[in-house]
Amino acid sequence: MAAAGQATGSGVPETCSLELILEALKLLLSPGGSGSSSLQITKHDILLATLKSNLSALEAKFLKDPHWKRLKLLRDEIANKAEWPQNSVDTTWSFTSQTLLLLLCLKETMIHLAADFNSGQPNPRTPEVAPALSPDTLSISQQKTVQSVLQFIVTLGVCPYLIPGVGVRLKDRTEFGAVVQDVVCLDAAPDATRRLYTSCSVLLNIAQHASLGSLIFCRHFGDIAAGLCQLGFCPSKKNALKPMEEVLNEEERALSRRALKDILDQVYQPLAVRELLILQGGPPQSCTDVKTQIGPRAPAWLRRLCGQLLSERLMRPNGVQAVVRGILEGAGAGAVGGSDAEATAADWKKCDLIAKILASCPQQSLSPESYYRDICPQILDLFHFQDKLTARQFQRVATTTFITMSRERPQLAAKYLLQPVLSPLHQCLNTAEIPESDMAPGTILVTEEELSRCIEDVFKVYVVGNEPLNVLMDSLLPVLNLLFSLYCFTKQSVSHIRSLCQEILLWILQKLERKKAIASLKGFAGLDRSLPSLHCLCQFRAATQGGIMITIKEAISDEDEDEALYQKVSSEQCQVEHLGDLLSHCQECGLAGDFFIFCLKELTHVAVENEAELKTQPFSSKSLLELEQYQTLLVEGQEQKLLILQLMAVLCERMSEQIFTNITQVMDFVAATLQRACASLAHQVESTVESQTLSMSMGLVAVMLGGAVQLKSSDFAVLKQLLPLLEKVSNTYPDPVIQELAVDLRINISTHGAFSTEAVSMAAQSTMNKKDPEGRREEQQQILYERHADGGRSHLEQQQSSEKSNQTGLRSNPPLIPEEVNETNTTTDQESGSITRERLQEVLLSAYDPQIPTRAAALRTLSCWIEQREGKALEMQEKLLKIFLENLEHEDSFVYLSAIQGVALLSDVYPEKILLDLLAQYDCSKDKYSPETRMKVGEVLMRIIRALGLCGEEGKPKSEGR
């Protein structure tokens, strides 16, 4: 008692040491046994015998060892002040009481030692010396002893008294826990609820010391929280033997509720979230030591309570991070950013769970809007972690939460999530109002960091999330033009956001409805200037760290106007080229083909302009303002036309042969070509290029009908849309070859391929021959020549019954059909004497062009002029004959057949001269020309001889010939 009198105000003797208390705790935890080797002794008996033996050994130490007397006095003093039952028939509770008393002794001793400790002034001569440790510091081995004691207290004094569904059952943890569950006597005094209240209260009292509190809450927070939930919130059962109200008064229940709130606010918040989720969802399936069944589900009152407490955790500052860390850290993957973080990041189920939790408005919130207003900034912060592994997890969670919120509450998500993400871009649109304070030249509107963060966040939400929700698509549409301009600017130099911009643009273009996608591409190309774009006062500038920022433009002086104009034109040119690069990635989805067809349709209005629309009233009847508006419209129209031509040139250069991905696109392409041909005829305008394009497009249809594509009934339904246009071409186009092919195509499409003419078949073969010139060219040319020779004999028979049979025979000659399907040129609308020297010289030069379509078209034009007896052409008959003979050597059938036709027409004008020249050419060609060329010359000779009447009907020479 004297020693007790020397204690401080708390009653702690000054001479009591930590080592003595820890030795007493070790004595209680020392393993023991029954001393019998009988196999009939169960684990329960061994446990009870060990607990009783250790308690007896502790009391013996207190009575016999004088060094333990001071500790006994301290324990007795604390026990006398305690207001909870310490002795019981149940050995487990007696053991728990003694360990709790010793831990209280440890706490009081550590407080006393820390209060008397004075570290003294540091020695300035030895600053590297570490400061002295406080005497209440526990060593690693001492901490392990305390942890073992706490494990016994929780196992014997807390877990056995939790009702089913509250916390994790002992039998679901370890084999030892299953033994303890059967050893505890719940019927002995004190009552189970009182025992639970005592254990939780004393542990919270001990946890007031910082060192001991960290040891308690690090491993046993969940069990203590489960006990406090049961003590403070569990409703009493009507059929219970002793209602809780009879064991605990209302004040004690209120203390339990307050204690639960306090520890939830004090501990590491992710830990609190994790334990509340475990309490709300029930225990794990099984432990690792024994096979057990899944425990009962958490009661409804506990689930509601945990949901409320989780919502309170979420609404606290940085509550979103606490929830995310609590779920991810407690999912078996270690701490966030740990070695298993990559595996956890790949598990989208956890992200979906977190997203559902974050997207659900708790009952504590005043309204969903107030909840979104408070929580969304924290969700945006999840995107911006520096640690790579942590960032990967949090970004997945943030992306999934974005998608979930946008799906469940699109209006609130657009206001509090999407609008903040896109705000750096919105403030630079031409529809935005820039404050006057920011309009000074050189002012930075969007910094490099803000722009980079914006683009990265958009990429994570839209491309990584890959959920084409309407609210996401609609929010991105207003800034698409700005994103494309930024993408074009990044192409000028190295930039880390270039690939992000490209991926964003490709994603949105492929996910949009096709009409909206085409409209966006029109805005990219400058065809639609009504769409929002970069503000006229803003410009992109390269930043110092390699990024990009948006600033106010500098004022342009008069000297720099030309340079500014050049930069503007150059920028527009580059944008068109970059658009072509972007569309080259959109061929498989069909967007590139649809945009090409759109441009082709626009090209029809450019190539053939209705002059009636340009005719206006006399200028005298217009005001100056109207004239200015009219001139502005004319300039804009011309700009649009030039832009369409530039677009078509870029697309033709950048796109591959696989630009069309389905029958519908091919049909649209052919329809656009036919419409342009009909429009040209309606305006009495015809060009070589249009004729060649028309022939090529009809050749594509012939290829499809010829078996290159397996057509279905639905495909023929699409092709039938071409029938009215084909009929119009067959009735109005001047070239009889194209007329005949148009008729045959109509028949083939109408009969679903049941009736196919030779013209369609040969057109398909010719078109395929152009795509595979090395494979089957020689074989096909031989077939074409044989058919042409047969047709030639039939044609000479027709010549005897008509004065102009030569012209008719040549145009009805079957071999000409497949070649002229690809490229033809007719100028039959030219009147005699209407050609000029410049035009004639241009065609003569084209006859030597390396491009086959251009050369063949020039030969056909020369033939038409000879047929029409053009004076300027006939004056150069020797030059024309030389051109035709040289082109006889060409390997392409379209070229040499056109040359044969030209020689034949020329022989009608100068038969004897042409005959002598050809005979001389034929005599000297045995070694100079190939057999194929000699055969071609021979065919021309046969035609001329028959035309002069030197051969009979069967081709034999007449006896009275010249």
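Residues numbered from 1 in each chain as written. Predicted model: local features only at pLDDT ≥ 70, side-chain atom pairs only at ≥ 80, totals over all residues. Heavy atoms only, no water.

Enquirer: Break down the overall build of the protein for me, citing the residues and quoting the values.
Expert: Looking only at helices and strands, the protein features 45 helices and three strands. Per-residue burial for the protein yields a buried fraction of 48% across its 962 residues. Considering only contacts within the protein whose residues lie at least 6 apart along the sequence, 74% involve residues at least 24 apart. Looking at the protein as shown, the accessible area adds up to about 48000 Å², and 51% of this sits on carbon and sulfur atoms. (Helix = DSSP H or I, 4+ residues; strand = E, 2+ residues; numbered from the N terminus. Buried < 20%, exposed > 50% of the residue type's maximum accessible area, 1.4 Å probe, protein only. Contact = heavy atoms within 4.5 Å. Areas by Shrake-Rupley, 256 points an atom, 1.4 Å probe, with all protein chains shown as cover.)

Enquirer: Describe the nonpolar core, and please don't skip the residues or the numbers.
Expert: Among the nonpolar cores identified, the biggest contains 225 residues, and L71, L476 and F595 are the most heavily contacted of them. In contact with F595, other than residues within four places in its own chain, are I518, L521, K522, L579, L583, L647 and L651. Ranked by size, the runner-up nonpolar core spans 33 residues in total, among them L840, A899, I914 and I944. (Core = buried A, V, L, I, M, F, W, Y, C linked by side-chain atoms within 4.5 Å.)

Enquirer: Explain the layout of surface pockets residue by residue, including any values.
Expert: By volume, the largest pocket amounts to about 1600 Å³. Looking at the largest pocket, it is lined by 40 residues, and the ones nearest its centre are K553, K568, S571, E572 and Q575. In terms of residue count, helix α25 (residues 561-583) provides more of the lining of the largest pocket than any other element does, eleven residues in total. Grouping the constituent residues of the lining of the largest pocket by class yields 17 nonpolar, 16 polar and seven charged. (1 Å grid on protein atoms, 1.4 Å probe; cavity = no way out; pocket = protein on both sides within 12 Å on 5 of 7 lines; lining within 4 Å. Points joined across faces, edges and corners; volume = space filled by probe spheres on them. Nonpolar A, V, L, I, M, F, W, Y, C, P; charged D, E, K, R; others polar.)

Enquirer: Can you explain the packing of aromatic side chains? Please cite residues and give values.
Expert: Summed over all chains, the structure comprises 14 aromatic pairs. Summarising the aromatic geometry, the rings of F660 and F669 are spaced 5.2 Å apart at their centres and angled 45° between planes, so their arrangement reads as tilted. Relative accessible area serves as the criterion here: at 6%, F669 is assigned to the buried category. By the ring-pair criterion, three or more aromatic residues cluster together here, those being F484, Y487 and F524. A cation over an aromatic ring shows up here: R257 above the ring of F233, its NZ or CZ 6.0 Å from the ring centre. (Phe/Tyr/Trp six-rings, centres within 6.5 Å; stacked < 30°, edge-to-face > 60°. Lys NZ or Arg CZ within 6 Å of the ring centre and 35° of its normal.)

Enquirer: Any chance you could break down the environment of I78 for me, citing the residues and the numbers?
Expert: By secondary structure assignment, the location of I78 is in helix α4 (residues 69-81). If we skip the residues at most four places from it in the chain, I78 touches L101, L104, C105 and E108.

Enquirer: Now, about the packing of helix α8 (residues 192-206) against helix α9 (residues 210-233): what can you tell me, with residues and values included?
Expert: Contact geometry of α8 with α9 gives a least axis separation of 10 Å together with a crossing angle of 150°. The two elements α8 and α9 cross, and the hand of that crossing is left-handed. Contacts between α8 and α9 involve T193, L196, Y197, C200, L203, L204 and I206 from the first element and L212, G213, I216, F217, I224, G227, L228, Q230 and L231 from the second. Here the residues of the contact of α8 with α9 are counted per class, giving twelve nonpolar, four polar and no charged. (Axes fitted to C-alpha atoms, helices over the stretch in contact; angles between N-to-C directions. Left-handed = near helix turned anticlockwise from the far one by under 90°.)

Enquirer: Tell me what's going on with unusual backbone geometry, and back it up with residues and numbers.
Expert: Residue P190 is reached from A189 by a cis peptide bond, and omega for that bond is 0°. Summarising the element assignment, P190 is placed in the loop between α7 (175-183) and α8. Phi at N466 takes a positive value of approximately 50°, unusual for a residue other than glycine. Judged by its relative accessible area of 39%, N466 is partly exposed. Residue R869 is not a glycine yet carries a positive backbone phi of 60°. In this structure, R869 sits in the loop between α39 (852-867) and α40 (871-874).

Enquirer: Could you give an account of the packing of α9 against helix α13 (residues 300-315), with specific residues and numbers?
Expert: The axes of two packed helices give the description: the angle between them and the distance between them. α13 packs onto α9 with a crossing angle of 110° between their chain directions and a minimal axis gap of 11 Å. By the angle class used here, α9 and α13 are roughly perpendicular. Here α9 and α13 pass one another in a crossing that is right-handed. Facing α9, whose interface residues are C229, Q230 and F233, α13 presents W301, L302 and L305. A class-by-class count of the residues in the contact of α9 with α13 yields five nonpolar, one polar and no charged. (Parallel < 35°, antiparallel > 145°, perpendicular 65-115°, else oblique.)

Enquirer: Requested: an account of the confidence of the model for the protein, with residues and values cited.
Expert: In the predicted model, the protein carries a mean pLDDT of 77, and 77% of its residues have values of at least 70. This model gives residues 283-293 a pLDDT under 50, and the stretch forms 25 contacts once residues within four places in sequence are excluded. Across residues 772-833 the pLDDT falls below 50, and counting only partners more than four positions away or on other chains, this stretch makes 119 contacts in the model. (pLDDT = per-residue confidence, 0-100.)

Enquirer: For the side chain of T401, give the residues involved together with the corresponding values.
Expert: Inspection of the secondary structure puts T401 in helix α18 (residues 388-408). Judged by its relative accessible area of 0%, T401 is buried. Polar side-chain contacts of T401 include one of 2.7 Å to the backbone oxygen of V397. Here T401 is in contact with A355, L358 and I379, once residues within four sequence places are set aside. (Polar contact = N/O pair within 3.5 Å; in protein donor to acceptor, adjacent residues only side chain to side chain.)

Enquirer: Any details on the pairing of strand β2 (residues 538-542)? Residues and values, ideally.
Expert: Alignment of β2 against strand β3 (residues 548-552), held across five bridges, turns out to be antiparallel. By the bridge assignment, Q539 is partnered in β3 with T551. Here β2 folds back onto β3 in antiparallel fashion, the turn holding five residues, of which G546 has a positive phi close to 90°. (Pairing = 2+ DSSP bridges.)

Enquirer: Any details on the environment of A414? Residues and values, ideally.
Expert: Note that A414 resides in helix α19 (residues 410-426). Spatially, the C-alpha atom of A414 lies 7.3 Å from that of S475, the residues being 61 residues apart in sequence.

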